[in-house]
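A structural walkthrough
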2 protein chains.
Amino acid sequence: MSSTTEQATGARTWSVAEHLDDILTAVQPLEPIELNLLDAQGCVLVEQVTVPVALPPFDNSSMDGYAVRAADTERASEASPAVLTVIGDVAAGSSGTELTVGPGRAARIMTGAPLPPGADAVVPVEWTDGGTGAGPARTMAPHSAAPQGSGGQVRVHRPVTPHAHVRARGGDVCAGDVALEAGTVLGPPQIALLSAIGRPAARVRPRPRVVVLSTGSELAQPGEELAAGQIYDSNSFALAAAAKDAGAIVYRVGAVTDDAETLRATIEDQLIRADLLVTTGGVSVGAYDVVKEALTSVAEEEPEEREGEAAEGEDAEQAVHRAHVDFRTLAMQPGKPQGFGTIGPDRTPILTLPGNPVSSYVSFELFVRPAIRAMMGLADLHRPVVRATLLPPHGAGDEEPAPLTSPEGKRQFLRGTYTGGERPEVRPVGGSGSHLIGALAHADALIVLPETVTKAAWGGEVEVVLLG
Amino acid sequence: MSSTTEQATGARTWSVAEHLDDILTAVQPLEPIELNLLDAQGCVLVEQVTVPVALPPFDNSSMDGYAVRAADTERASEASPAVLTVIGDVAAGSSGTELTVGPGRAARIMTGAPLPPGADAVVPVEWTDGGTGAGPARTMAPHSAAPQGSGGQVRVHRPVTPHAHVRARGGDVCAGDVALEAGTVLGPPQIALLSAIGRPAARVRPRPRVVVLSTGSELAQPGEELAAGQIYDSNSFALAAAAKDAGAIVYRVGAVTDDAETLRATIEDQLIRADLLVTTGGVSVGAYDVVKEALTSVAEEEPEEREGEAAEGEDAEQAVHRAHVDFRTLAMQPGKPQGFGTIGPDRTPILTLPGNPVSSYVSFELFVRPAIRAMMGLADLHRPVVRATLLPPHGAGDEEPAPLTSPEGKRQFLRGTYTGGERPEVRPVGGSGSHLIGALAHADALIVLPETVTKAAWGGEVEVVLLG
């Protein structure tokens, strides 16, 4: 009899930290793939990206104005302007070699346009008469409306020094520079840099494809009529949303009935598109705990020596039967029954969460979210954890309510509302029942009462996990 | 001549706050629509949702165990168990009316299953022999493997009180309760509650569809070969990514050349799928500033009295011509030239950002992101702003660098790296040049030097906008 079965019968209790460690040791970052920049958003770069060509790739103007020889403007003032002959326009996108600026000459130039040969500085249009012969200009007229602006004369009212208003080639990054290190998360500014150096795609770890599947013969889909004894499936919706928030690509599978063969068949179907499987329900000590039944009993049928081996010629059904899932009792509340293992020919990781809505959500936050982020290759796996003063629930009235209690040896996670600032505070919302979805929807934090704590006094300090 | 033209010629300088106020006054939250729960994730609920049926909808077991009459277990102990006759199983999903628990009887019951008539409490399986006749049970055998478990006798080792391990109908939420208030942002726990009360969809403000369009004849697409005078388009990628981060559905349009007719035609094409248009480039004082040219000159052609009127029989091209965009000079650096207005028959808001990559990104953060969030109906429009100690850049060496300077009367936004904690610190990264994309990609904060500050000493306190 395998150790799985021993654990299933409660031979050992796992701490939250042990279960999490086991998951994070087993779950591997996904193999990198090349993704288009906007598909790679939020993903982790696995290559060091170097700059292929300098940025800017050529000396160019930082202003709309006139490309000049600085020496020609040396004594310019509004009273006594330097008068230069305008030889044409250099627009952004022109090659910059059409015109050469000789002494006494100027080329009208636009921001980003290449500095033409001969010129060594740019005079902003606001420091000139804009070629109008009148006072200082504020703007250039559009070329389409006033083509004469690219000729004639311009009066320069202020001197410029060499290189003024010129962005030098390589002034941003040089060829061979490291643009981004491996491990960088690609947000908008990193995507800006990659596109600026001409990279249409990047080698990143992809978002994991997570299949979320709820189980339970009592589950109806929202919008349907409830029959006697039925409740609505909320876990598959909540966990699909949470997995998406965590960074995954999510496939929600509606509730599967408590029948082991149906569940196996569904998992078989889903394995093809799953980097990670998450189920809810059916993992406790009942006689109809389908997940445990479907994935444990089969493991027992397997000869030990086949464990972990890829058997040739195995069909899909057989593959699913090669499940290695440990069902465990955790020293936590809610979320005592948990399972973790691998399934199918690719040994796809599977986390089997308990079915009570609050239990499954808390379990997701503690175990699935870090697993998803580890698969993405992110360094930062966990929600922020802070300390806060524990205050009584809102609406508790004048009389101080009884202190919070927690069973000895269990790590308890209560729902709370958090207020940050200089003196952070947290208040419980709702009770500890793992079916209390109403309160969960008004919480933004989990209050943690560690294994050694059995009572938490109001006004004391507690650990708080900040959600969302 | 319209006020547009006066502003275009620089008649007035707008503060950052004035420009933002103008945008947020004009931009309206989108009309609500009914979206399936998972499509509504991250959106703002516009209806108050009440609970149609109590949760749980019926009294049910919170444990796997035995439904009993509490009185029958009153004197039970391990030494002297109460022996009850098991009359059958109540699985989750059964209607709960098949069995009636009489005196001296018990029904095996699973978590979530309805409490059968006659029973008033549940004994957890761990407090019994599980019907085995042996010691305390840890679990039930699966019904499929051991059908005899639903019959025979069970020994109860501990007494239970009435209602023990029973979740009462309505114990979570009652019919008529407010489940969620209008204005709630739908995250995973709120989606959990909506699905739990049977709602397949919710009435929310949808994510705005944002068309991002860069302009510039100098722009090549990443992956292409750069010709002389060309640079890669990075703005359309960066802003598309930033708009998605802000919550929008984004359509990126590659670079449009500096030709007013081409730009007008492109905008015409895009208007159909845009709740908001964002352009970059072509809004400064140059002779080829295509956005300004395309959207200003046309406005001038319009007789004043047509302003804002929906003209019947107008074709798409005419519609685009009905642009009302104010081009403005802002007292900020980077990001001085900005435009905001409406365009087309639906008066679609349009923000025209400057073209320098850092300018466009900073402008997006300051103006477009809040506009997108306002269209979503979110209350929290802005990035977190904190105060931090200003330290010299990393790698500045032993000698203290010159203090940061900022032009008087301008609000300057410098890129920085932020370290939080008890004594938050920020360091500038890269220079103030609005073309420095390399530095931007290593920044996670904007250092704000207000209009009145011309010099910021190292060790002083500054305002910091935290990005992403």
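Cut-offs applied
Chains are numbered independently. Their residues run from 1 in the order of the written sequence. Lettering of chains starts at A and numbering of ligands starts at 1, both following the order in which they are written. Local features in a predicted model are, by the rule used here, given only for residues with pLDDT of at least 70; side-chain atom pairs are given and counted only at 80 or more, and totals for whole chains, interfaces and linings are based on all residues. Only hydrogens and water are set aside; all other atoms, that is, all heavy atoms of the structure, feed into the side-chain values. UniProt positions are given in the numbering used here, feature names are shortened, and annotations may be inferred rather than shown by experiment. The rule for pairing is simple: two strands pair if DSSP sees at least two bridges between them. Secondary structure counts use DSSP, requiring at least four H or I residues in a row for a helix and at least two E residues in a row for a strand, with both numbered from the N terminus. In the sections that follow, a salt bridge refers to a side-chain nitrogen of Lys or Arg positioned within 4 Å of a carboxyl oxygen of Asp or Glu. Buried, partly exposed and exposed residues are distinguished by accessible area as a fraction of the type maximum, computed with a 1.4 Å probe on protein chains only: under 20%, between the cut-offs, and over 50%, respectively. For every residue, the predictor reports its confidence as pLDDT, a number between 0 and 100. Should any heavy atoms of two residues lie within 4.5 Å, those residues are counted as being in contact. Fitting of the copies onto one another was done by least squares over C-alpha atoms, counting residues only where both copies have pLDDT of at least 70. Helix axes are fitted to C-alpha atoms over the stretch in contact, other axes to C-alpha atoms as well, and angles between N-to-C directions run from 0 to 180 degrees.

By the naming in an unreviewed UniProt entry, chain A is Molybdopterin molybdenumtransferase, taken from Streptomyces albidoflavus. Comment text from UniProt for chain A, heading Cofactor (unreviewed entry), reads "Mg(2+)". Here chain A is described in UniProt, under the heading Sequence similarities (unreviewed entry), as follows: "Belongs to the MoeA family."

**Digging into the sheet that holds strand S13 (residues 201–205) of chain B**
Residue and element names in this part refer to chain B. Pairing is antiparallel across the open sheet formed by three strands, whose spatial order is S2-S13-S3. On the outer flanks of this sheet lie strand S2 (33–36) and strand S3 (44–45), each paired with one strand and no other. Pairing between S2 and S13: four bridges, direction antiparallel. Following the sheet pairing, Asn36 is matched in S13 by Ala201.

**Points about the pattern of salt bridges**
Residue and element names in this part refer to chain A. Applying the stated criterion to the full structure yields 28 salt bridges over all chains. Among the ionic pairs, Glu261 bridges to Arg264, the shortest N-O distance being 2.2 Å. Remark: Arg264 and Glu261 occur in helix H5 (residues 260–271); sequence separation between them is three residues, near one turn of the helix. When its relative accessible area of 9% is taken as the criterion, Arg264 is described as buried. Among the charged side chains, a salt-bridge network with shared partners connects Asp22, Asp326 and Arg328.

**Details of the confidence of the model for chain A**
The share of residues in chain A with pLDDT of 70 or more is 92%, and the mean pLDDT across the chain is 91. Low pLDDT, under 50, characterises residues 1–10 of chain A; the predicted model gives this stretch 15 contacts beyond four residues in sequence or across chains.

**Observations concerning the relation of the copies chain B and chain A**
When chain B is fitted onto chain A, the two copies agree to an RMSD of 0.0 Å after a turn of 180° and an axial shift of 0.0 Å. Seen this way, the second copy is the image of the first under a two-fold rotation axis. In terms of proximity to the rotation axis, the leading residue of chain B is Glu422(B), whose C-alpha is 4.8 Å off the axis.

**Considering the sheet that holds strand S1 (residues 13–14) of chain B**
Residue and element names in this part refer to chain B. Within the open sheet, the seven strands sit side by side as S1-S19-S21-S22-S18-S14-S17. Their pairing is mixed. Two strands bound the open sheet, and with one partner strand each, they are S1 and strand S17 (249–256). Of the strand pairs in this sheet, strand S18 (residues 276–280) and strand S22 (residues 348–353) are connected by four bridges, and their pairing is parallel. Looking at S22, one finds that Thr279 is bridged to Thr352. Running at roughly 15° to strand S21 (residues 337–343), helix H2 (residues 16–26) makes contact with S1, strand S19 (324–330), S21 and S22 of the sheet. In the packing of helix H8 (residues 357–375) onto the sheet, the strands contacted are strand S14 (209–215), S18, S19, S21 and S22, and the crossing angle to S22 comes to about 165°.

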